[in-house]
Amino acid sequence: MGDAERGKRLFVERCSTCHTLSDDKRHGLGPNLREVFGRVACSASGYRYTQIPSRIRQGTFWTEDVLEKLLQRPETFMEHSWAKKHRVPTHQDREDIVAFLKDLPTQK
Ligand code: HEC
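Thresholds, definitions, all that
- Residues numbered from 1 in each chain as written.
- Predicted model: local features only at pLDDT ≥ 70, side-chain atom pairs only at ≥ 80, totals over all residues.
- Helix = DSSP H or I, 4+ residues; strand = E, 2+ residues; numbered from the N terminus.
- Buried ≥ 20, exposed ≤ 12 C-beta atoms within 10 Å, placed from the backbone.
- Contact = placed C-beta atoms within 7 Å.
- Expected span 1.5 Å × (residues − 1).
- Axes fitted to C-alpha atoms, helices over the stretch in contact; angles between N-to-C directions.
- Parallel < 35°, antiparallel > 145°, perpendicular 65-115°, else oblique.
- Left-handed = near helix turned anticlockwise from the far one by under 90°.
- Nonpolar A, V, L, I, M, F, W, Y, C, P; charged D, E, K, R; others polar.

Chemist: Where do I start with the environment of G30 in this structure?
Modeler: By the secondary structure assignment, G30 is in the loop between α1 (4–14) and α2 (52–55). Overall, the presence of 18 C-beta atoms within 10 Å leaves G30 in the partly exposed class. Measuring from C-alpha to C-alpha, the distance between G30 and G59 comes to 20 Å, with 29 residues separating the pair along the chain. Among all residues touching G30, those that are not within four sequence positions of it are C18 and H19.

Chemist: Sorry if this is basic, but what is going on with helix α4 (residues 91–103) here?
Modeler: Turn by turn, an α-helix covers 3.6 residues, leaving residues three or four places apart pointing in a common direction. Here α4 contains 13 residues, and its C-alpha end-to-end distance of 19 Å stays within 8% of the 18 Å for a straight helix at 1.5 Å per residue. Three or more residues of α4 are buried, namely R94, E95, D96, I97, V98, F100 and L101.

Chemist: Whenever I open this one, the packing of helix α3 (residues 64–72) against α4 confuses me. Can you help?
Modeler: Axis angle and axis distance: for two packed helices, these are the angle between their axes and the distance between the axes, and together they describe the pair. Close contact between α3 and α4 brings their axes to 10 Å; oriented N to C, the two are set at 135°. Relative to α4, the element α3 is oriented oblique. Here α3 and α4 pass one another in a crossing that is right-handed. From α3, E64, L67, E68, L71 and Q72 reach across to α4, where they touch R94, E95, I97, V98, L101 and K102. Looking at the contact of α3 with α4 residue by residue, the class counts come to five nonpolar, one polar and five charged.

Structure below.
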């Protein structure tokens, strides 16, 4: 089981330069990840995707497994200088980041 508290720290260090988590759905260089958990890949409204759609199967959902795969082998999802920013080498770190994303409150 991932530790969401620890995942939050890791997210701030490694992801937040490009991804916001704000309620207002604003995007950074990357899409807002507030509601990313469980949703279909590349479906954040108002964000213009460039990379992922060419490499990801249509209808892929961001479940725990798929998110962990993204953080383990980002090059299978995207090919750009951003890709390597998604690589998180340690298994525990990946689990913690995913636990954090899973726990974010959504507005449903
Ligand atoms: C250098 C900027 C940058 C960093 C740092 C970064 N990302 Fe990304 N990320 C992007 C971009 C840009 C995209 C969208 C790619 C595209 O347009 O297809 C993306 C896409 C994603 C997606 C897919 C979102 C969707 O809507 O389907 C997830 C999930 C994701 N990133 C998670 C992370 C996590 C977790 C981290 C930290 C470990 C991270 N990113 C670090 C730039 C970044």
